[in-house]
Amino acid sequence: MTSLAEEIRGYVVAEFLDGEDTADLTADFDLITNGVVDSLGVVRIVSHLSRTYSIPVDDIPLVPDNFRSIGAMSAFVEDATKAAA
């Protein structure tokens, strides 16, 4: 995983999986389908990504597929930060 993906993974582990086995938490692990993140969790993730990567909340489309996995979130942040540059 890239450092971006590692940071996002660290956030997910700390906020949603604290104390649980995270061996299955790969870049393509579906966080929504597997019940790790619910709709409120998506809002918390959006807030974290907005603060951490200086992405205006208004520029973050609330499309579940953008937040379904660590890989999807990493790709979204990369695209959003490139577009802002």
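Quick caveat, the model's predicted, so the values are computed rather than measured.

### Details of the overall build of the protein
In terms of helices and strands, the protein carries three helices and zero strands. In sequence order, the secondary structure elements of the protein are arranged as α-α-α. Compactness check: the protein gives a C-alpha radius of gyration of 12 Å against a globular reference of 12 Å for 85 residues, within 12% of the reference. Summarising its shape, the C-alpha atoms of the protein cover approximately 35 × 25 × 20 Å along the three principal directions. Going through the 85 residues of the protein one by one, you find that 39% of them count as buried. Nonlocal contacts in the protein, meaning residues at least 24 apart in sequence, comprise 60% of its contacts between residues at least 6 apart. For the protein, the computed accessible surface area is about 4,900 Å², with 52% contributed by carbon and sulfur atoms. For the protein, the centre of its 5 positive side-chain charges and the centre of its 15 negative side-chain charges are spaced 3 Å apart.

### Considerations on a negative patch on the surface
Residues Asp18, Glu20, Asp21 and Asp24 make up a contiguous surface patch of negative charge. With respect to the helices, strands and loops of the structure, Asp21 is situated in the loop between helix H1 (3-16) and helix H2 (39-53). Given a relative accessible area of 70%, Asp21 falls into the exposed group.

### So, the packing of aromatic side chains
Applying the stated criterion across every chain, the model contains two aromatic pairs. Ring centres of Tyr11 and Phe16 lie 6.2 Å apart, and the angle between their planes is 80°; this geometry places the pair in the edge-to-face category. Residue Tyr11 shares its accessibility class with Phe16, and that shared class is buried.

### Topic: the UniProt feature "domain: Carrier" (unreviewed entry) in the protein
According to UniProt, the "domain: Carrier" (unreviewed entry) feature falls on residues 3-81. The distance separating the terminal C-alpha atoms of residues 3-81 is 15 Å; by composition the span is 52% helix and 0% strand.

### Details of H2
Across its 15 residues, H2 extends 21 Å between first and last C-alpha, which sits within 8% of the 21 Å expected from 1.5 Å per residue. For H2, the set of buried residues is Gly41, Val42, Ile45, Val46, His48, Leu49, Ser50 and Tyr53. By the N-cap criterion, in which a side-chain oxygen at the helix start approaches the backbone nitrogen of a residue two or three places on, H2 is capped by Asp38, the distance to Leu40 being 3.2 Å. One or two residues past the end of H2 sits Ser54, with phi positive at roughly 50°.

Definitions and cut-offs
Residues numbered from 1 in each chain as written. Predicted model: local features only at pLDDT ≥ 70, side-chain atom pairs only at ≥ 80, totals over all residues. Heavy atoms only, no water. Helix = DSSP H or I, 4+ residues; strand = E, 2+ residues; numbered from the N terminus. Rg over C-alpha atoms; globule rule 2.2 N^0.38 Å. Buried < 20%, exposed > 50% of the residue type's maximum accessible area, 1.4 Å probe, protein only. Contact = heavy atoms within 4.5 Å. Areas by Shrake-Rupley, 256 points an atom, 1.4 Å probe, with all protein chains shown as cover. Lys, Arg positive; Asp, Glu negative; His and termini not counted. Charge placed at Lys NZ, Arg CZ, Asp CG, Glu CD. Patch = residues over 30% accessible without salt bridge, like charges linked within 9 Å, V, L, I, M, F, W, Y side chains within 5 Å. Salt bridge = Lys/Arg side-chain N within 4 Å of Asp/Glu carboxyl O. Phe/Tyr/Trp six-rings, centres within 6.5 Å; stacked < 30°, edge-to-face > 60°. UniProt positions renumbered as here; feature names shortened; annotations may be inferred. Expected span 1.5 Å × (residues − 1). Polar contact = N/O pair within 3.5 Å; in protein donor to acceptor, adjacent residues only side chain to side chain.

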